[in-house]
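Examining the three-dimensional arrangement
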Amino acid sequence: MRSALLLLTVSAVTSAAPVEPSAWIGVFRPNPPGLAPCSDCDKPTIVGATGEVIVLSPGSGAALPDSGDVTVVQPLTGMNLVAHVTHHGRVPVELFAADRRDGADAVLVLPAAANVAFVVPNPRDVLAIRAALMKDEVLSGVRRALIGLELGGVDVDGDHRADYVVTYGCNAWADGQCQSKGEFLLARHGDVWRELQ
């Protein structure tokens, strides 16, 4: 009886645990290269470009999508398209809404079946995202590094709450000032946000 009760408890805990959707970080590379960067632009500067998304190896050691279709998402530019992985995590893209700002080349890569909706992160999530970014040593714990932070949310489970966020803003702080700008990609785990690695 005791072992049966233990088995039921373990089974209930296992079935209640949410299944996390797969997600990878990708970087868009124009082809031909030479897309002129806009280092002094303070707003998204979008141009159409052809090229490829290179899916980065996750820090967790999870496998790369090595074949088939994936969904390439960039909420800050309104990109949401299904494309085909050719080999070694490379995804050719015929038309991409590229942001010419420095460091604005990251994308979220999801399974092809992902039901993507762009959402505005709610105030509670914004606070949690900012707290997560303050833990990243590249920002040196300086709250001023988050001034002007842009956030684009992606809902994949249909609850109208962001499951993933792409940010744009300062991504390196030192000597009392922002050293460079770029993007962070984060995933929500319950009410906690963590950087995708």
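Shown above is the structure to which this text applies.
Residues numbered from 1 in each chain as written. Predicted model: local features only at pLDDT ≥ 70, side-chain atom pairs only at ≥ 80, totals over all residues. Heavy atoms only, no water.

Looking now at the sheet that holds strand β2 (residues 46-55). Across a sheet, strands are paired by hydrogen bonds formed along the backbone, either parallel or antiparallel in direction. Reading across from one edge, β4-β3-β6-β1-β2-β5 is the order of the 6 strands in this open sheet, with antiparallel pairing throughout. Each edge of the open sheet is held by one strand with a lone partner, namely β4 (79-85) and β5 (90-99). On average, adjacent strands in this sheet sit at an angle of 40° to one another, irrespective of strand direction. Relative to β5, β2 is paired through 8 bridges, and the arrangement is antiparallel. When the sheet's bridge partners are listed, Val47 is paired in β5 with Ala98. (Pairing = 2+ DSSP bridges. Helix = DSSP H or I, 4+ residues; strand = E, 2+ residues; numbered from the N terminus. Axes fitted to C-alpha atoms, helices over the stretch in contact; angles between N-to-C directions.)

Considering the arrangement of structural elements, one finds Arg161 in the loop between β8 (150-155) and β9 (164-174). For the pair Arg161 and Asn122, spaced 39 residues apart in sequence, the C-alpha to C-alpha distance is 7.3 Å. In contact with Arg161, other than residues within four places in its own chain, are Val119, Asn122, Arg124, Asp125, Asp155, Arg188, Gly190 and Asp191. Here Asp125 takes part through its side chain, which lies 2.8 Å from a polar atom of the side chain of Arg161. (Contact = heavy atoms within 4.5 Å. Polar contact = N/O pair within 3.5 Å; in protein donor to acceptor, adjacent residues only side chain to side chain.)

The next point concerns the pairing of strand β6 (residues 106-111). Here β6 lies mainly inside the structure; 5 of its 6 residues are buried. By the bridge criterion, 4 bridges tie strand β1 (residues 24-30) to β6 in an arrangement that is antiparallel. Paired with Trp24 across the bridge in β6 is Val109. Examined bridge by bridge, strand β3 (residues 68-74) and β6 share 4 bridges and lie antiparallel to one another. Paired with Val72 across the bridge in β6 is Val109. (Buried < 20%, exposed > 50% of the residue type's maximum accessible area, 1.4 Å probe, protein only.)

What follows concerns the nonpolar core. In this structure, Val53, Val72, Val91, Phe96 and Val109 are the most contacted members of the largest nonpolar core, which totals 18 residues. Residue assignment for this core shows that the elements contributing at least two residues are β1, β2, β3, β4, β5 and β6. Looking at this core element by element, the count peaks at 5 residues for β5. Contacts of Val91, omitting those with residues within four sequence positions, involve Gly51, Glu52, Val53, Val55, Val70, Val72, Ala83, His84 and Val85. With 17 residues, the next largest nonpolar core counts Ile129, Met134, Trp173 and Phe184 among its residues. (Core = buried A, V, L, I, M, F, W, Y, C linked by side-chain atoms within 4.5 Å.)

The subject of this paragraph is the state of the cysteines. Evaluated as defined, the whole model comprises 2 disulfides. Each sulfur in the disulfide pair Cys38 and Cys41 lies 1.6 Å from the other. Here the disulfide of Cys38 and Cys41 is right-handed, its torsion about the S-S bond being about 75°. Overall, Cys41 belongs to the partly exposed group, its relative accessible area being 22%. Across the disulfide, Cys170 is cross-linked to Cys178 (sulfur-sulfur distance 2.5 Å). (Disulfide = S-S within 2.5 Å.)

The amide bond that connects Asn31 to the next residue, Pro32, takes the cis arrangement and shows omega of 10°. Mapped onto the elements, Pro32 comes out in the loop between β1 and β2. Even without being glycine, Ser140 reaches a positive phi, approximately 55°. Secondary-structure assignment places Ser140 in the loop between α2 (123-134) and β8. Of note in the backbone geometry, Asp175 takes a positive phi value of approximately 55° without being a glycine.

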